[in-house]
Amino acid sequence: MSSSPEQQPFPPEEVISRALQLRDELNRANYQYYVLQQPELTDQEYDALFQELKAIEEQYPDLQTSDSPTQRVGAAPAPEFAEVVHSMPMLSLSNVFSEDQLRGWYRRILEYLETDNVDLLCELKIDGLAIALTYQDATLIRAATRGDGFRGEDVTANIRTIKSVPLRLNGDDVPPTVEMRGEVFFPISAFERFNEERQAQGLPTYVNPRNSASGALRQLDSRETARRPLDIFFYSIAQANGLSLETQWESLQAISRWGGKVNPWTRRVASLEEAIEAFEDAQRIRGELDYGIDGMVIKVDSLALQQRLGNVGREPRWATAYKFPAEQARTRLVRIGINVGRTGSLNPYAELEPVMVGGVTVRRATLHNEDHMREKDIREGDLVIVQRAGDVIPQVVGPAPDNERGPDSAQYQLPDTCPVCGEPTTRVEEEAVVRCVNAACPAQFERLLEHFASRSAMDIEGLGERLAQDLARNGLVKDIADVFSLRERRDELLALERMGEKKTDNLLAAIDNARQRPLSRMLFGLGIINVGSEVADWLARRFRTLEGLESATEEDLLEVEGVGPVIAKNVAAWMHNPRNRDLLDRLRAAGVDPVDDSPEPPSEHVVRGKTIVVTGRLESMSRSEANARIKTLGGKASGSVSKKTDFVVAGKEAGSKLDDARRLGVTVLDEDQFVALLDNIPPHTSNDGNSDT
Ligand code: IVH
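Described below are features of the structure shown in this document. Keep in mind that this is a model prediction, so the values were computed, not measured.

Procedures and definitions
Residues numbered from 1 in each chain as written. Predicted model: local features only at pLDDT ≥ 70, side-chain atom pairs only at ≥ 80, totals over all residues. Heavy atoms only, no water. Helix = DSSP H or I, 4+ residues; strand = E, 2+ residues; numbered from the N terminus. Rg over C-alpha atoms; globule rule 2.2 N^0.38 Å. Buried < 20%, exposed > 50% of the residue type's maximum accessible area, 1.4 Å probe, protein only. Contact = heavy atoms within 4.5 Å. Areas by Shrake-Rupley, 256 points an atom, 1.4 Å probe, with all protein chains shown as cover. Lys, Arg positive; Asp, Glu negative; His and termini not counted. Charge placed at Lys NZ, Arg CZ, Asp CG, Glu CD. Near = heavy atom within 4 Å. Polar contact = N/O pair within 3.5 Å; in protein donor to acceptor, adjacent residues only side chain to side chain. Nonpolar A, V, L, I, M, F, W, Y, C, P; charged D, E, K, R; others polar. Pairing = 2+ DSSP bridges. Axes fitted to C-alpha atoms, helices over the stretch in contact; angles between N-to-C directions. Core = buried A, V, L, I, M, F, W, Y, C linked by side-chain atoms within 4.5 Å. Disulfide = S-S within 2.5 Å. Salt bridge = Lys/Arg side-chain N within 4 Å of Asp/Glu carboxyl O.

Here we look at the overall build of the protein chain
Here's step 1: Across its full length, the protein chain holds 24 helices and 24 strands.
Here's step 2: Against the 2.2 N^0.38 benchmark of 26 Å for 693 residues, the protein chain shows a C-alpha radius of gyration of 29 Å, consistent with a compact globule.
Here's step 3: Each of the three principal axes of the protein chain carries a C-alpha extent, and together these read 85 × 85 × 55 Å.
Here's step 4: Counting across all 693 residues of the protein chain, residues that qualify as buried make up 47%.
Here's step 5: Taking all contacts inside the protein chain whose residues are at least 6 apart in sequence as the whole, residues at least 24 apart take part in 67%.
Here's step 6: For the protein chain, the accessible area works out to roughly 34700 Å², and carbon and sulfur atoms hold 47% of it.
Here's step 7: Of the side-chain charges in the protein chain, 82 are positive and 111 negative, and the distance between the mean point of each set is 3 Å.

A word on the site of the ligand
Here's step 1: Neighbouring the ligand are L91, L93, E123, L124, K125, I126, A130, E183, Y235, V297, K299 and P316.
Here's step 2: Here a nitrogen atom of the ligand and a side-chain polar atom of E123 are 2.8 Å apart.
Here's step 3: In this structure, I126 approaches the ligand through a main-chain N or O atom, which is 3.1 Å from a nitrogen atom.
Here's step 4: In the complex, 87% of the free accessible area of the ligand, which totals 520 Å², lies under the protein chains.
Here's step 5: Counting only elements with at least two residues in the shell around the ligand, the list comes to strand 3 (120–126) and strand 10 (293–300).
Here's step 6: Taken together, the residues of the shell around the ligand break down into eight nonpolar, no polar and four charged.

What about the sheet that holds strand 13 (residues 319–323)?
Here's step 1: Read from one edge of the open sheet, five strands run 2-13-10-3-9, paired in mixed fashion. Because the sheet does not close on itself, it has two edges, and the strands there are strand 2 (94–96) and strand 9 (267–269). Neighbour to neighbour, the strand axes of the sheet diverge by 30° on average, direction disregarded.
Here's step 2: Of the pairings in the sheet, the one linking strand 3 to strand 10 comprises seven bridges and is antiparallel in character. Bridge pairing in strand 10 places C122 opposite I298.
Here's step 3: Packing against the sheet, helix 3 (residues 99–113) makes contact with strand 2, strand 3, strand 10 and strand 13, and its axis sits at approximately 175° to strand 13.
Here's step 4: Sheet strands touched by helix 8 (residues 248–258): strand 3, strand 9 and strand 10. Its angle to strand 3, the strand with the most contacts, is close to 55°.

Details of unusual backbone geometry
Working note: non-glycine residues mostly have negative phi, and peptide bonds are mostly trans.
Here's step 1: Phi at H368 takes a positive value of approximately 65°, unusual for a residue other than glycine.
Here's step 2: In the Ramachandran plot, D377 falls in the positive-phi region, its phi being about 50° despite a non-glycine side chain.

A word on the nonpolar core
For soluble globular proteins, nonpolar side chains are generally found buried alongside one another.
Here's step 1: Grouped together as the largest cluster of nonpolar side chains are 57 residues, with contacts concentrated most on I460, L471 and L539.
Here's step 2: At the level of secondary structure, the elements contributing two or more residues to this core comprise helix 12 (442–453), helix 13 (465–473), helix 15 (501–514), helix 16 (519–525), helix 17 (533–543), helix 18 (546–550), helix 20 (565–576) and helix 21 (578–589).
Here's step 3: With residues up to four places along the chain from it excluded, the contact list for L471 reads L449, L463, L476, V477, L486, L493 and L496.

A word on the state of the cysteines
Here's step 1: This structure, assessed with the given rule, holds zero disulfides.
Here's step 2: Not part of a disulfide, C418 finds its nearest cysteine sulfur in C421, a span of 3.7 Å.
Here's step 3: Of all cysteine sulfurs, the one in C421 lies closest to C436, which takes part in no disulfide; the gap is 3.6 Å.

Some thoughts on the sheet that holds strand 22 (residues 636–638)
Strand pairing in a sheet relies on backbone hydrogen bonds, with the paired strands running either antiparallel or parallel.
Here's step 1: If you walk across this open sheet you meet the four strands as 22-21-23-24, and the pairing is parallel. The sheet is open, and its two borders are formed by strand 22 and strand 24 (667–669), each paired with just one other strand. If you compare each strand with its neighbour and ignore which way they point, the axes differ by 30° on average.
Here's step 2: Summarising the sheet, strand 21 (residues 611–615) and strand 22 pair through three bridges and their orientation is parallel. What sits directly across from V613, in strand 22, is S638.
Here's step 3: Packed on one face of the sheet, helix 22 (residues 623–632) meets strand 21 and strand 22 and runs near 170° to strand 21.

Brief notes about the pattern of salt bridges
Here's step 1: A complete count under the given rule lists 50 salt bridges for this structure.
Here's step 2: Note that R544 and D596 form a salt bridge whose closest N and O atoms lie 3.4 Å from each other. Within this pair, whereas R544 is found in the loop between helix 17 and helix 18, its partner D596 is found in the loop between helix 21 and strand 21, the two being separated by 52 residues in sequence.
Here's step 3: Since its relative accessible area comes to 11%, D596 is described here as buried.
Here's step 4: Several salt bridges share partner residues, and in doing so they unite E370, D371, R374 and R427 into one network.

Some thoughts on the pairing of strand 5 (residues 139–145)
Here's step 1: Summarising burial for strand 5: five of the seven residues are buried, a large majority.
Here's step 2: Judged from the six bridges that link them, strand 4 (residues 129–136) and strand 5 form a sheet pairing that is antiparallel. In the sheet register, L133 faces strand 5, and the bridge partner there is A143.
Here's step 3: Between strand 4 and strand 5, which pair antiparallel and follow one another directly, the connecting turn spans two residues, one of which, D137, has a positive phi of 45°.

Keep in mind these numbers describe shape, not what the thing actually does.
Below you can see the structure in the form of structure tokens.
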């Protein structure tokens, strides 16, 4: 410890207790002001106490604690954010856009649980950034961004500057370790003031509150974050040993009791009809709020039922986001351009006179395809309606009702040659898409490269549309494996336009980092037709390595949840193609050999590798639930009984499948035996010889 001569190393007793008292009073005042919005101290009173504490801490640095209100002003810049592995993945939400879709979601839940009704909790969907805060012994020790859901960035110093974030939790029932999750946002009014100030200083302005909140959290200098009045709403407890909570509602109450800010609008409802009413209310109050919301989140209230419902891929079954309808605006379509996609499709887009739609300036919007343009008769020069919903790409809906055309107006024709490589295009019958079928067309590869490096794939920061183009056109990257040998071509990279020393080195570092990405992201990044991030997740989970997938047959693939015949065919074809195999070999040679990072199904489990048919009605779980559990344990849940079936689980009123089992001599389990089996206890059947395990 460095203590200068005038500092007294041992603070007197009364100073210690005064510091303690000041800290408590200031934290309390903060809570009253920023969480309850009912201040009890005047600004001057607060300031006097703050200065007193600051003076004490300066004289006795040992008295300074991480939960001191003086720590909210930010600290010296950090070189970079440390990585944080989440205690449990931070999931995302499925979306529904209509009452019908919402009813579908609810119906599936009821079917899964085999029940008639569940209590629901309706929360506003705050349009900000997800954050996970860990408290140890009631003190904030860590804050992490969502990142890819598994790993995020440590932004503790930045989060401390948010006045409504408790640095210390209050109450007797705060568990020794507790993780609370919530949404950080930039209040709209503060955002507008902030942007005005930036404009006045000649600094670039932010497009919307969400982007500026994100910018604020990503400041390496937390003193910068402190200058932005961010706020937070907590929405869940992710981890709390020893706490017996039964519902989501109780979780929110606990957070609130401990001093965390939860959204006051939250509605607990006993039927779907009430949830729909709540949604209408949310739409009504939207305009009055000082923060952006993009819908309502509906959650099954019971935590036990949430547990039973579990997740599908990265989304929980027990919750969904009911999004507000798209926002629209009217503007001029200046020009129609063509973008050649990853699969060679010619995608028309509109260049627009810039227009604000739902808080974002839109300059470009998709026109989908030729059929859409024909059907809606969209032409260059038209006044058009543009719409934007949530994160989706803005689209041109059609000409505005008051659109008028001059004599030059003409229907747009997609070119019969590719605007990038000049080869003739083709239109596959039955498909709305015109494609460039030249496999060597640079545009396709550029798009693939961009996709491979994108956030939800390999997440190589710095490798976006522009650089992908430059790398491909300058011959630095001819296939995606080349990305990983760019370090050897640093000089050539430096010679590219817009690539300074720093940018180049950041890029190379980002590429090195990308070698660690899990298999699912790599699979998604390869751009295999129909393999979205969810299917990639399932495949990774089942096959665990690239070799595993390479040796999988179409039949093996078909057994994976979420994989139908079309996907199975595409994946198998891709994996068996010699050029792709060569690519994978080259990736491996470059040190990229991803593995699945999700917890492995228990290798020793009695269910593993077994084919099980569940029939009849079970008491403790539904059939879908039983099947899901069989799959997570590495077994195969089948719908029909054959000689290859290992077990038939017979619930109440089991019918013909039970007869089949008896006829074929398949071991039949009752519900208790099945539950035991799931607990890894092999069945004790009296006289079937116990042939296996
Ligand atoms: S629950 C598994 N509740 O929406 C549950 N999320 O699209 C996931 N969000 O990443 C979170 N308001 O950042 C939940 N009341 C709310 C929310 C909310 C906003 C965000 C959150 C999440 C994203 C999912």
